[in-house]
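# Coordinate analysis (summary)
Letter by letter, the chains look like this.
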Amino acid sequence: MRIVEPWIKVEKFDGKKIMKRIERACRTCYRSEGKITDDSYKKLLTNCINRGHESVLEHEKITVRIYDDVGSYKDLTRHRFASFSVESTRYCSYDKDKYGNEIAFMDPVYIEDKETYEIWKKTMQEIENGYIKMKELGASTDMVREILPHSTAAEYTMTANIREWKHILELRTTNHVHPSIRQVLIPLLKLFQEEMPEIFGDVEYDKEFNPKFYAKLTIEDEV
Ligand SMILES: Cc1cc2nc3c(=O)[nH]c(=O)nc-3n(C[C@H](O)[C@H](O)[C@H](O)COP(=O)(O)OP(=O)(O)OC[C@H]3O[C@@H](n4cnc5c(N)ncnc54)[C@H](O)[C@@H]3O)c2cc1C
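Now for a look at the structure at hand.

Thresholds, definitions, all that
Residues numbered from 1 in each chain as written. Predicted model: local features only at pLDDT ≥ 70, side-chain atom pairs only at ≥ 80, totals over all residues. Axes fitted to C-alpha atoms, helices over the stretch in contact; angles between N-to-C directions. Helix = DSSP H or I, 4+ residues; strand = E, 2+ residues; numbered from the N terminus. Parallel < 35°, antiparallel > 145°, perpendicular 65-115°, else oblique. Left-handed = near helix turned anticlockwise from the far one by under 90°. Contact = placed C-beta atoms within 7 Å. Nonpolar A, V, L, I, M, F, W, Y, C, P; charged D, E, K, R; others polar. Buried ≥ 20, exposed ≤ 12 C-beta atoms within 10 Å, placed from the backbone. Pairing = 2+ DSSP bridges.

## Remarks on the packing of helix H6 (residues 162-172) against helix H7 (residues 179-195)
Working note: a packed helix pair is described by the angle between its axes plus the distance between those axes. Close contact between H6 and H7 brings their axes to 10 Å; oriented N to C, the two are set at 130°. Judged by the inter-axis angle, H6 sits oblique to H7. Considering the relative orientation of H6 and H7, their crossing is left-handed. Residues Trp165, Leu169 and Arg172 of H6 form the contact with H7, whose participating residues are Ile181, Leu185, Leu189 and Phe192. Here the contact of H6 with H7 is composed, by residue class, of six nonpolar, no polar and one charged.

The structure is reproduced here in structure tokens:
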């Protein structure tokens, strides 16, 4: 059994370019393309968002790859305007060499009580023992996946347009949301706030959530 940490890889993007492309699309409405200057997008986007004219944000998208637990994608895949490709527990057989012949479980670092954490760890070990034993007896992945818990680690690729990202980050970075999701999405929100303040600057997130739990975020040419 392997206990792992979450991470998030973000496809390289240029926030200013994204906002300028949205501005260009939006100005079609008023045929005011002639008013575009180096920073005219700032006022335009702020006005659009304040007035609820948010469909213009749908012209641009960003893709990320997340390594987190099954519970996190169970929640995130409820968002109907995002697209997902999720590691399959039907096709990935964790007893194989490719996976190190073991199951990776996402570390629930937010279980701070030592005794409670030890019960979680012991249970994960028992689950792995059962999974490997069932495979040895000839069980298919369709059978063994039935015993996999929410803590099972999984990779997923997630793409959403800017409007949907704003919606998802507004909903999924508060203290009402499972910590495993806050671990990956608060760092993403903070990056978007730096890169696209006119769009994401007003999104409130759980500032009490301990930054030591934040997932490692990297920016990649390809995710
Ligand atoms: C803190 C929290 C707790 C939750 N708890 C539960 C729970 O206990 N059980 C549970 O089942 N779910 C739960 N959810 C999931 C939640 O109900 C939504 O299914 C999920 O967050 C997707 O959000 P959404 O519908 O806004 O968004 P998206 O699918 O991302 O859609 C974006 C927006 O498009 C519009 N839209 C999309 N589809 C329609 C439609 N058919 N009709 C009209 N407008 C539409 C809405 O304005 C919507 O907000 C929870 C979510 C959160 C954040």
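## Quick notes on the pairing of strand E2 (residues 7-11)
Of the two faces of E2, the one lined by Ile8 and Val10 is fully buried and the one lined by Trp7, Lys9 and Glu11 carries no buried residue. As paired elements, E2 and strand E3 (residues 61-69) share four bridges and run antiparallel to each other. Counted as the bridge partner of isoleucine 8 is isoleucine 66 from E3.

## Details of the environment of arginine 51
Among the secondary structure elements, arginine 51 is positioned in helix H2 (residues 40-51). We classify arginine 51 as exposed; it has 8 C-beta atoms within 10 Å. Along the sequence, arginine 51 and isoleucine 18 sit 33 residues apart, while their C-alpha atoms lie 20 Å from each other.

## A look at the environment of isoleucine 66
As for its placement among the helices and strands, isoleucine 66 is situated in strand E3. On the neighbour-count criterion, isoleucine 66 (26 C-beta atoms within 10 Å) is buried. In sequence terms isoleucine 66 and tyrosine 156 are 90 residues apart; their C-alpha atoms lie 5.4 Å from each other. Aside from chain neighbours lying at most four places away, what touches isoleucine 66 is Ile8, Tyr156, Met158 and Val184.

## What about unusual backbone geometry?
Its identity as a non-glycine residue notwithstanding, arginine 31 has a phi of 45°, on the positive side. For arginine 31, the location among the structural elements is in the loop between helix H1 (15-27) and H2. Overall, arginine 31 belongs to the exposed group, with 8 C-beta atoms counted inside 10 Å. Non-glycine residue asparagine 101 carries a positive phi angle of around 60°. Within the element layout of this structure, asparagine 101 appears in the loop between strand E4 (82-86) and strand E5 (104-106).

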